[in-house]
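What follows is the residue order along each chain.
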Amino acid sequence: MAQCKECGKDFIENRPFQVFCNDYCRGAYHRRKYRLQKAEEAEDRRQARLNGHGTAEERQKANEVLARIIQKSRPKFLRRI
């Protein structure tokens, strides 16, 4: 008798390396595992974004430069249609 990794039920294994009682439990286990991995990666990206990739002064300077670029790219006249 073996115990299913997903649901914990005891089952008779067909192969000596079988760890899930059926395909549904196998799929559910892997979907949950990959979803948790994606959530951890997203949290790492979020932390990196919040911490920034430079000092506060560098981020402030970058914001000022970006504001100037946006201001220059605006048209100086209004188009009438």
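Note that the structure is a prediction, hence the values are computed from the model and not measured. (Residues numbered from 1 in each chain as written. Predicted model: local features only at pLDDT ≥ 70, side-chain atom pairs only at ≥ 80, totals over all residues. Heavy atoms only, no water.)

Asks: I keep staring at the overall build of the protein and nothing clicks. Help me out?
Replies: Along the backbone of the protein there are 2 helices and 2 strands. What you see in the protein, going N to C, is helices and strands ordered as β-β-α-α. A total of 81 residues make up the protein; the buried ones form 10% of that total. Partitioning the contacts of the protein with sequence separation of at least 6, the portion at a separation of at least 24 is 5%. Of the accessible surface of the protein, which amounts to about 7,800 Å², a share of 53% is contributed by carbon and sulfur atoms. (Helix = DSSP H or I, 4+ residues; strand = E, 2+ residues; numbered from the N terminus. Buried < 20%, exposed > 50% of the residue type's maximum accessible area, 1.4 Å probe, protein only. Contact = heavy atoms within 4.5 Å. Areas by Shrake-Rupley, 256 points an atom, 1.4 Å probe, with all protein chains shown as cover.)

Asks: Sorry, what's going on with the pattern of salt bridges here?
Replies: Oppositely charged side chains are able to pair whenever their charged atoms sit close together. Within this structure, the stated rule accounts for 3 salt bridges. Between Glu-6 and Arg-32 there is a salt bridge; the shortest N-O distance is 2.5 Å. Pair noted here: Glu-6 is in the loop between strand S1 (2-3) and strand S2 (10-11) and Arg-32 is in helix H1 (residues 23-51), with a separation of 26 residues, a long-range link. The partly exposed category is assigned to Glu-6, whose relative accessible area is 26%. Here Glu-43 and Arg-46 are joined by a salt bridge, their closest N and O atoms 3.1 Å apart. Here Glu-43 pairs with Arg-46, and both are found in helix H1, just 3 residues apart, close to one helical turn. (Salt bridge = Lys/Arg side-chain N within 4 Å of Asp/Glu carboxyl O.)

Asks: So what exactly am I meant to see when it comes to the state of the cysteines here?
Replies: Any covalent bond linking the sulfur atoms of two cysteines counts as a disulfide. The final tally for this structure, using the stated rule, is 0 disulfides. Cys-7 takes part in no disulfide bond, and the closest cysteine sulfur, belonging to Cys-4, lies 3.6 Å away. A relative accessible area of 38% places Cys-7 in the partly exposed class. The thiol of Cys-25 is not disulfide-bonded; the next cysteine sulfur, from Cys-21, is found 3.6 Å away. (Disulfide = S-S within 2.5 Å.)

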